[in-house]
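Read off the chains here:
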Amino acid sequence: MIKALTSWRGIFALCIVYFHLGMQEFTQMAVIAVTFFFMVSGFLVAMHNTGYGTNIKLYYKRRLWRIFPLHWLALALLIILDLSRVHQFTYGWDLPLHIALLQSWIPNIEVYYGYSLHSWFLSSLLFCILITPPLLQWVKRVSLPVLWSVLVVAATMLIIVDLYSNNDFLNYSHVCPAIRAIDYTMGIAIFVTIERLRWREKMQHISMANASLLELATLAVLAISVAVHDLGGWSVTEKLESAPLWWIPCALIITCATVLSGHEGILGKLLTLKPLLWLGGISFEIYILQKFVNNAFNHLVAPLFGHYGILIYGFSIAIIPPLLVVTAWLVHKLFNHLHLSR
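Cut-offs applied
Residues numbered from 1 in each chain as written. Predicted model: local features only at pLDDT ≥ 70, side-chain atom pairs only at ≥ 80, totals over all residues. Heavy atoms only, no water. Helix = DSSP H or I, 4+ residues; strand = E, 2+ residues; numbered from the N terminus. Buried < 20%, exposed > 50% of the residue type's maximum accessible area, 1.4 Å probe, protein only. Contact = heavy atoms within 4.5 Å. Areas by Shrake-Rupley, 256 points an atom, 1.4 Å probe, with all protein chains shown as cover. Core = buried A, V, L, I, M, F, W, Y, C linked by side-chain atoms within 4.5 Å. Expected span 1.5 Å × (residues − 1). Bend = angle between axes of the 7 residues up to and from the residue. Phe/Tyr/Trp six-rings, centres within 6.5 Å; stacked < 30°, edge-to-face > 60°. Salt bridge = Lys/Arg side-chain N within 4 Å of Asp/Glu carboxyl O.

(A) Molecular detail of the overall build of the chain. Counting its regular elements, the chain contains 17 helices and zero strands. When burial is assessed residue by residue, the chain has 49% of its 342 residues classed as buried. Look at the contacts in the chain between residues 6 or more apart in sequence, and 78% of them connect residues 24 or more apart. Approximately 16600 Å² of the chain is accessible, and the part contributed by carbon and sulfur atoms is 68%.

Next up, the structure:
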């Protein structure tokens, strides 16, 4: 386990939560977080070598068990909450697509976001999971120049298409499984590059001062990327924000955390603190359950405090995240127990 990456997952998950609660200050960090999660997913699956073995059936069983039960639980809770609130079933014809996590293949914003807003991520991640065994086998056989050349071509094609696309396609490119597979494959390529060039071994004797400088440089690139995007009137950055704008800072975060693992600088030491590691450990549940907890607060908890919840709605930003973290932890414990008992 690379501890700094675990903590980054928790940090980015909270950025997404605060953005969805209406805090515009977290807009770009939330967008970056999506790219990071796809890239780190590819990185981690390559690190664990789960696709290299011959037992592909076991690989799929473990990965699908990680995704579908949590997704189905969140979806069922949302539907039950909706039925209890408006006493009618509001899902449309796309319900089977959401159940099977196929909604991200439909280029219709009402479908791919749909009722369970955040499950589009799982839909795209599912595609990445399905292609992982053959993808890893291919990556294992090719050289680094070939691997990165293919990724550069794919990335260039995406950038060109994004620059000349309308808003409908740009919105869809954010969720399209085939496009998000580029991020995922980049994560795999980062791991392979680090391993083949032995970057971790070369960093074993780095001083804390130099490690701290490397970490600060990575943060500086991240900050500059956000600042560039926020420059008013530059439409190019808006067209590239689905992923291309964030490939470099996300790649640097993953690379820096990996090569300095066990030899962290000041920032890395902070990222290995137990509270951050614990938060990162439940980041997946935090992401998937956020809409349910938000709706439950708005329609079940808040109305208990004053007329239509007027006394407590103004404190939702302070109340919902802790409530979500507790809920995510409980669900995480439940599924860990079920997983161990299998």
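Having seen it, we continue.
(B) How the structure looks around the side chain of S123. Relative to the helices and strands, S123 resides in helix α6 (residues 120-141). The residues touching S123, leaving out its near neighbours within four places in the chain, are L101, L102, Q103 and S104.

(C) Representation of the nonpolar core. Formed by 102 residues in total, the largest nonpolar core has its most connected members in F12, F36, F43, F121, I188 and I286. Excluding residues that lie within four positions of it along the chain, I286 makes contacts with A13, V17, L279, L324, V325 and A328.

(D) Summary view of α6. When the terminal C-alpha atoms of α6 are compared, their 32 Å separation across 22 residues agrees well with the 32 Å that a helix rising 1.5 Å per residue should span. Of all the bends in α6, the greatest, near 55°, is centred on T132, and the proline P133 appears no more than four residues after it.

(E) Region of interest: helix α2 (residues 27-47). For α2, with 21 residues, the first-to-last C-alpha span of 30 Å sits near the 30 Å given by 1.5 Å per residue. The buried fraction of α2 is high, at 20 of 21 residues. Count one or two residues on from α2 and you reach N49, which has phi positive near 55°.

(F) The arrangement of the packing of aromatic side chains in detail. In total, this model carries 15 aromatic pairs according to the counting rule given. Taking 5.3 Å as the distance between ring centres and 25° as the angle between the ring planes, the aromatic pair formed by Y18 and F26 counts as stacked. We classify Y18 as partly exposed; its relative accessible area is 22%. Taking the relative accessible area as the measure of exposure, F26 reaches 24% and is therefore partly exposed. Aromatic side chains Y112 and Y172 sit 5.6 Å apart centroid to centroid with 45° between the ring planes, which places their arrangement in the tilted category. Taken together, the residues Y112 in helix α5 (residues 109-112) and Y172 in helix α8 (residues 167-173) connect sequence positions 60 residues apart.

(G) Layout of the pattern of salt bridges. Under the criterion given, the structure shown has four salt bridges. A salt bridge links R180 to D183; its shortest N-O distance comes to 2.6 Å. On the criterion of helical spacing, the pair formed by R180 and D183 is a turn pair, its members being three residues apart in helix α9 (residues 177-196). By the burial criterion, R180 is buried, and D183 matches it. As a salt-bridge pair, E264 and K269 come within 4.0 Å of each other at their nearest N and O atoms.

(H) Representation of the environment of W105 in the model. Within the secondary structure, W105 sits in the loop between α4 (95-99) and α5. Looking at W105, the relative accessible area reads 38%, which means it is partly exposed. Along the chain, W105 and S124 lie 19 residues apart, while their C-alpha atoms are 8.3 Å from each other. Excluding its chain neighbours within four sequence positions, the residues that come into contact with W105 are F127, Y172, P177 and A178.

That is the geometry; function is a separate question.
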